[in-house]
Amino acid sequence: MFPRWLKQLVKKSPVLVALYRPFSWRLHLFQDWWGTKVWTRTREVTTPLGFKLTSGLHPAYELMRRGEFEVPETALISGLLARSDRFVDVGANLGYYTCLALQSGKPALAFEPQPQNLRCLYQNLVANGWQDGAEVFPLALSDRPGLLSLYGASGPSASLVKGWAGYSPRHHQTVPVSTLDNILAGRFAGERLLVKIDVEGAEYGVMKGAMHSLARSPSPAWLLEVCLQEFHPDGANPDFIGIFRLFWEAGYRAYAVEQPLRALSQAEVEGWWTERRSAGETFNYLFLAADQAPPA
């Protein structure tokens with residue numbers, strides 16, 4: 001989970017991407033060392049959103065503590081929660097959005113495989129008295145159950161994609177993996193689900209393991225972070241257009257999370273794929289069934 005300002009800066013400047021890649025492994029070696037010294041320390045604050053938040057000292061978390069983290073996404077999720085029955089947080093990190101859902105009175109499922117983030121997530125649920133409000137799954141999601149390597153041992157971000165954002169392949173850990181379909185199978189019938197997926201490049205695997213969930217009735221609302229030309233070790237995300245096609249084939253419409261929310265045509269996104277460069281400043285996309293209106 002990189003800070004929004006950094007993602008937008010990289011998105012605006014392909015030159016920065018080119019300069020970053022040759023030195024990225026050194027940066028992440030430093031991050032792993034520094035993480036053991038500083039970022040593993042935590043502090044608790046009450047956020048302007050009203051819930052208590054325990055987090056590490058990484059600068060990205062300072063935005064969360066001040067209530068300034070991903071402001072458009074936070075507003076969008078708040079609006080979607082008002083018309084949802086349950087929140088599914090895939091890549092929950094320390095539980096910022098899980099806490100937002102629980103504060104709104106919505107039960108939540110939180111998936112997070114990284115041990116440091118999990119410790120903060122547990123602390124946040126306990127500190128707010130929400131021990132019974134959320135189901136926490138200490139695992140990653142993909143297209144099949146098993147074990148996978150998680151790259152990025154410290155700081156706020158980790159990925160199942162080897163080489164994502166320059167993470168050193170020397171620093172990884174083995175984590176358990178399941179599928180969203182396995183977890184949701186036969187549960188929450190008739191409920192309106194809101195699913196948020198932020199898994200640093202591994203979104204396609206998550207969605208391939210969620211095809212039955214995609215076809216649920218009522219249709220869930222899906223909020224995904226999907227990068228095209230940023231952070232991927234191959235220079236472009238080979239699964240970018242595949243993710244959109246999964247949703248289009250299931251009858252969903254795509255929206256760019258901007259202010260205001262912007263509907264995307266299939267032709268526009270196909271054009272991004274052809275040019276290997278997306279328009280706008282967002283990495284986050286909302287997918288709604290054709291019979292669902294976007295929030296105002």
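To be clear, the structure that these remarks concern was listed above.
Criteria and thresholds
- Residues numbered from 1 in each chain as written.
- Predicted model: local features only at pLDDT ≥ 70, side-chain atom pairs only at ≥ 80, totals over all residues.
- Heavy atoms only, no water.
- Pairing = 2+ DSSP bridges.
- Helix = DSSP H or I, 4+ residues; strand = E, 2+ residues; numbered from the N terminus.
- Phe/Tyr/Trp six-rings, centres within 6.5 Å; stacked < 30°, edge-to-face > 60°.
- Lys NZ or Arg CZ within 6 Å of the ring centre and 35° of its normal.
- Axes fitted to C-alpha atoms, helices over the stretch in contact; angles between N-to-C directions.
- Left-handed = near helix turned anticlockwise from the far one by under 90°.
- Contact = heavy atoms within 4.5 Å.
- Nonpolar A, V, L, I, M, F, W, Y, C, P; charged D, E, K, R; others polar.

Engineer: Can you tell me about the sheet that holds strand β8 (residues 172-178), naming the residues and giving the values?
Structural biologist: The mixed open sheet is built from three strands, whose spatial order is β6-β8-β7. Only two strands of the sheet have a single neighbouring strand rather than two, namely β6 (140-141) and β7 (146-151). Sheet topology note: the β6/β8 ladder contains two bridges and is parallel. The residue bridging Ala140 from the neighbouring strand is Val177, located in β8.

Engineer: So what about the packing of aromatic side chains? Which residues, and what values?
Structural biologist: Tallied over the full model, the rule gives 16 aromatic pairs. Each ring, one from Phe111 and one from Phe137, has its centre 4.8 Å from the other, and the planes form 15°; the classification is stacked. Taken together, the residues span a long stretch of sequence, with Phe111 in strand β4 (residues 108-111) and Phe137 in strand β5 (residues 134-137) at a distance of 26 residues. Ring pairing ties together the aromatic residues Trp222, Phe240, Phe244, Phe247, Trp248, Tyr252, Trp272, Tyr285 and Phe287, which thus form one cluster. Across the ring face of Trp273, the terminal group of Arg276 is positioned such that the distance to the ring centre comes to 3.8 Å.

Engineer: Requested: an account of the packing of helix α5 (residues 71-81) against helix α6 (residues 96-103), with residues and values cited.
Structural biologist: Relative placement of two packed helices is described by the angle separating their axes and the distance separating the axes. Running from amino to carboxyl end, α5 crosses α6 at an angle of 35°, the nearest separation of the two axes being 10 Å. As for how α5 packs across α6, the hand of that crossing is right-handed. Residues Glu73, Thr74, Ile77, Ser78 and Leu81 of α5 form the contact with α6, whose participating residues are Tyr96, Tyr97, Leu100 and Ala101. Here the residues of the contact of α5 with α6 are counted per class, giving six nonpolar, two polar and one charged.

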